[in-house]
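Listed below, chain by chain, are the residues.
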Amino acid sequence: QLPCSVKELSEAAGVPAVQILRILMDEGVMTNINAQMDPELTEFIAAELGVDVDFLQPETLEDRVLMRLEEIEDPEESLVARAPVVTFLGHVDHGKTSLLDRLIGIDVAGGESGGITQHIRAYRIENNGRPMAFVDTPGHEAFTEMRARGAGVTDIVVLVVAADDGVMPQTEEAISHAKAAGVPIIVALNKIDLPGVDPLRAMTDLNTNGLQPSEWGGDTEIVKTSATTGEGLDELLETILTVAELNEYVANPDRAAIGTCLESQQDADRGVVTKVLVQNGTLKVGDIVVCGDAYGRVKAMLDPLSPRTRLEEAGPSVPVNLTGLDIAPSAGARLYVLDDIAEAREIAETRGKSQHNEYLGATGFRQTTLDTLFE
Ligand code: GDP
Ligand code: MG
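Summary of the structure given here.

Parameters and conventions
- Residues numbered from 1 in each chain as written.
- Chains lettered and ligands numbered in written order.
- Predicted model: local features only at pLDDT ≥ 70, side-chain atom pairs only at ≥ 80, totals over all residues.
- Heavy atoms only, no water.
- Helix = DSSP H or I, 4+ residues; strand = E, 2+ residues; numbered from the N terminus.
- Buried < 20%, exposed > 50% of the residue type's maximum accessible area, 1.4 Å probe, protein only.
- Areas by Shrake-Rupley, 256 points an atom, 1.4 Å probe, with all protein chains shown as cover.
- Pairing = 2+ DSSP bridges.
- Near = heavy atom within 4 Å.
- Polar contact = N/O pair within 3.5 Å; in protein donor to acceptor, adjacent residues only side chain to side chain.
- Nonpolar A, V, L, I, M, F, W, Y, C, P; charged D, E, K, R; others polar.
- Salt bridge = Lys/Arg side-chain N within 4 Å of Asp/Glu carboxyl O.
- Phe/Tyr/Trp six-rings, centres within 6.5 Å; stacked < 30°, edge-to-face > 60°.
- Contact = heavy atoms within 4.5 Å.
- Core = buried A, V, L, I, M, F, W, Y, C linked by side-chain atoms within 4.5 Å.
- Axes fitted to C-alpha atoms, helices over the stretch in contact; angles between N-to-C directions.
- Parallel < 35°, antiparallel > 145°, perpendicular 65-115°, else oblique.
- Left-handed = near helix turned anticlockwise from the far one by under 90°.

Some details on the overall build of the protein
Thinking step 1. Along the backbone of the protein there are 11 helices and 21 strands.
Thinking step 2. The burial tally for the protein puts 49% of its 375 residues in the buried class.
Thinking step 3. Only carbon and sulfur atoms are counted for the fraction: they give 47% of the accessible area of the protein, which is about 18,300 Å².

Topic: the pairing of strand 4 (residues 85–90)
Thinking step 1. Among the six residues in strand 4, six count as buried, and that is most of the element.
Thinking step 2. The alternating pattern of strand 4 places Val85, Thr87 and Leu89 on one face and Val86, Phe88 and Gly90 on the opposite face, and all of these are buried.
Thinking step 3. Across four bridges, strand 4 lies against strand 6 (residues 130–136) in parallel orientation. Each residue of the ladder has a partner; that of Val85, found in strand 6, is Ala133.

Some words on the site of ligand 1
Thinking step 1. Ligand 1 sits among 15 residues. The nearest are Asp93, Thr97, Ser98, Asp193 and Ala227.
Thinking step 2. The side chain of Asn190 places a nitrogen or oxygen atom 3.1 Å from a nitrogen atom of ligand 1.
Thinking step 3. In this structure, an oxygen atom belonging to ligand 1 sits 2.7 Å away from a main-chain N or O atom of Ala227.
Thinking step 4. Notes on ligand 1: free accessible area 580 Å², of which the protein chains cover 74%.
Thinking step 5. Residue composition of the shell around ligand 1, grouped by class: three nonpolar, eight polar and four charged.

A look at the pattern of salt bridges
Thinking step 1. Under the defined criterion, the tally for this structure stands at six salt bridges.
Thinking step 2. Two residues, Arg130 and Glu238, come together in a salt bridge whose shortest N-O distance is 3.3 Å. Highlighted residues: Arg130 in strand 6 and Glu238 in helix 9 (residues 233–247), separated in sequence by 108 residues.
Thinking step 3. Judged by relative accessible area, Glu238 falls into the partly exposed class, the value being 37%.
Thinking step 4. Where Lys224 meets Glu215, a salt bridge forms, and the shortest distance between an N and an O atom there is 3.8 Å.
Thinking step 5. With relative accessibility at 29%, the residue Lys224 sits in the partly exposed group.
Thinking step 6. Bridged by salt links that share partners, the residues Arg130, Glu238 and Glu245 form one connected network.

Things to note about the packing of aromatic side chains
Thinking step 1. Taken as a whole and judged by the stated rule, the model has one aromatic pair.
Thinking step 2. For the pair Phe88 and Phe134, a centre-to-centre distance of 5.6 Å together with 80 degrees between the ring planes defines the contact as edge-to-face. With a gap of 46 residues between them, Phe88 in strand 4 and Phe134 in strand 6 connect regions that are remote in the sequence.

Focus: the environment of Val65
Thinking step 1. Here Val65 lies in helix 4 (residues 61–71).
Thinking step 2. Classification of Val65 by relative accessible area gives buried; the value is 16%.
Thinking step 3. Each C-alpha atom of the pair Val65 and Ala46 lies 32 Å from the other, and the pair is 19 residues apart in sequence.
Thinking step 4. With sequence-adjacent residues up to four places away left out, Val65 is seen in contact with Leu338, Glu343 and Ile347.

Describing the nonpolar core
Thinking step 1. Ranked by internal contacts, the top residues of the largest apolar core, which has 26 residues, are Phe88, Phe134, Ile156, Val158, Leu236 and Ile240.
Thinking step 2. The dominant element in this core, judged by the number of residues it contributes, is helix 9, at seven residues.
Thinking step 3. The residues touching Leu236, leaving out its near neighbours within four places in the chain, are Leu103, Val158, Ile186, Ala188, Val223 and Thr225.

Considerations on the sheet that holds strand 7 (residues 156–162)
Thinking step 1. In space, the six strands of this open sheet follow the order 5-6-4-7-8-9, with mixed pairing throughout. Strands at the two margins of the open sheet, each flanked by one partner only, are strand 5 (121–127) and strand 9 (222–224). Going across the sheet, the axis of each strand differs from the next one's by a mean of 25 degrees, ignoring polarity.
Thinking step 2. Of the strand pairs in this sheet, strand 4 and strand 7 are connected by five bridges, and their pairing is parallel. Looking at strand 7, one finds that Phe88 is bridged to Val158.
Thinking step 3. Its contacts with the sheet place helix 7 (residues 169–181) against strand 4, strand 7 and strand 8 (185–190), and it is angled at close to 165 degrees to strand 7.

Some remarks on the packing of helix 1 (residues 6–13) against helix 2 (residues 17–26)
Thinking step 1. One way to put it is that helix 1 packs onto helix 2 with a least axis distance of 8 Å and a crossing angle of 125 degrees. Judged by the inter-axis angle, helix 1 sits oblique to helix 2. Viewed along their axes, helix 1 and helix 2 form a crossing whose handedness is right-handed. Residues Val6, Leu9 and Ser10 of helix 1 form the contact with helix 2, whose participating residues are Ala17, Ile20, Leu21 and Leu24.
Thinking step 2. A class-by-class count of the residues in the contact of helix 1 with helix 2 yields six nonpolar, one polar and no charged.

Some thoughts on the packing of helix 2 against helix 3 (residues 39–49)
Thinking step 1. Interhelical geometry of helix 2 versus helix 3 gives an angle of 110 degrees and a closest axis separation of 11 Å. The angle between helix 2 and helix 3 places the two elements in the roughly perpendicular class. Between helix 2 and helix 3, the contacting residues are Gln19, Ile20, Ile23 and Leu24 on the first element and Leu41, Phe44, Ile45, Glu48 and Leu49 on the second.
Thinking step 2. For the contact of helix 2 with helix 3, the class distribution of residues is seven nonpolar, one polar and one charged.

Below, the structure is given as structure tokens:
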């Protein structure tokens with residue numbers, strides 16, 4: 001059921017909006033007539049007013065266009081193998097970024113991107129002709145939100161656990177999010193090079209947290225790694241590829257693209273630069289896209305690993321930095337390709353407007369939680 005604004009309820013019930021605002025105020029909520037109320041709150045207000053409410057479902061342009069795109073089923077014969085999307089999660093400083101740097105160094109000559117840990121990084125690499133997409137998420141507490149979304153677009157989670165530190169609060173959080181997303185977890189027991197570390201302790205912690213090591217008869221692969229010496233990295237790659245092969249990830253490259261915004265920002269020279277992971281279909285330069293409350297025509301797509309390499313198109317599991325959106329959409333927003341720029345603009349603008357209004361739940365202000373992000 002869609003939220004209803006104070007104004008809409010006032011018009012539908014034939015009562016002045018101030019009367020509704022007064023009821024809200026009695027409930028301790030100071031707001032304005034454009035605030036959106038959830039159905040429960042709407043019913044509560046209606047009861048206070050002594051009117052009956054009936055919720056009609058207006059079909060918005062967004063429902064009509066985007067939901068249909070989301071529902072298109074790909075015929076069996078259109079599906080081809082795609083690269084697994086592997087996200088590195090774990091407690092801050094346990095070595096996510098270092099591991100990824102090192103892994104990329106294996107196959108990408110001079111892969112020297114200075115890792116800015118405040119940003120989500122997404123790269124595509126090939127290992128012996130087998131492509132993989134890696135996503136590195138910021139480890140900082142304030143980025144929990146994006147981290148949660150990082151797992152949302154992922155096929156496999158590499159849980160990085162420093163052997164000297166063991167399972168920490170953010171490790172537990174990462175485990176529960178990976179489990180909620182229902183994706184396989186591979187543990188990289190990192191910093192194994194440090195003198196005096198006791199891998200057994202970390203393994204016991206992992207076991208307690210529901211990740212039974214395979215060497216103890218469970219089904220969690222735990223690979224001992226060192227981003228510093230490179231130990232265990234080949235084994236980590238092999239383990240990722242083995243898990244990927246077991247799951248056979250497929251997509252249909254011959255359809256309009258669907259993807260997810262990993263992050264986006266305004267760049268002084270290039271305008272809005274949006275990091276997008278294409279998940280299905282093929283995204284092309286010139287495509288009309290809508291992404292959250294942003295829209296535009298894809299102007300250029302750059303390979304995140306070599307920002308000078310312009311891509312004409314990007315298929316499933318390919319991360320790109322694209323330009324051409326009017327504003328920066330928020331991380332986690334879905335990207336769709338549409339036929340009609342006017343339609344894209346209308347959807348984006350409608351969304352933009354409703355975002356700027358307050359959203360009132362039955363208990364007052366609604367908050368976005370990690371769990372709602374995972375839905
Ligand atoms: P992140 O916050 O999980 O991304 O962790 P970083 O990759 O930034 O690493 C945090 C710190 O641990 C850095 O100082 C790294 O140099 C160090 N580090 C990462 N991996 C290893 C490792 O395998 N061995 C050792 N000794 N240090 C490591
Ligand atoms: Mg990092």
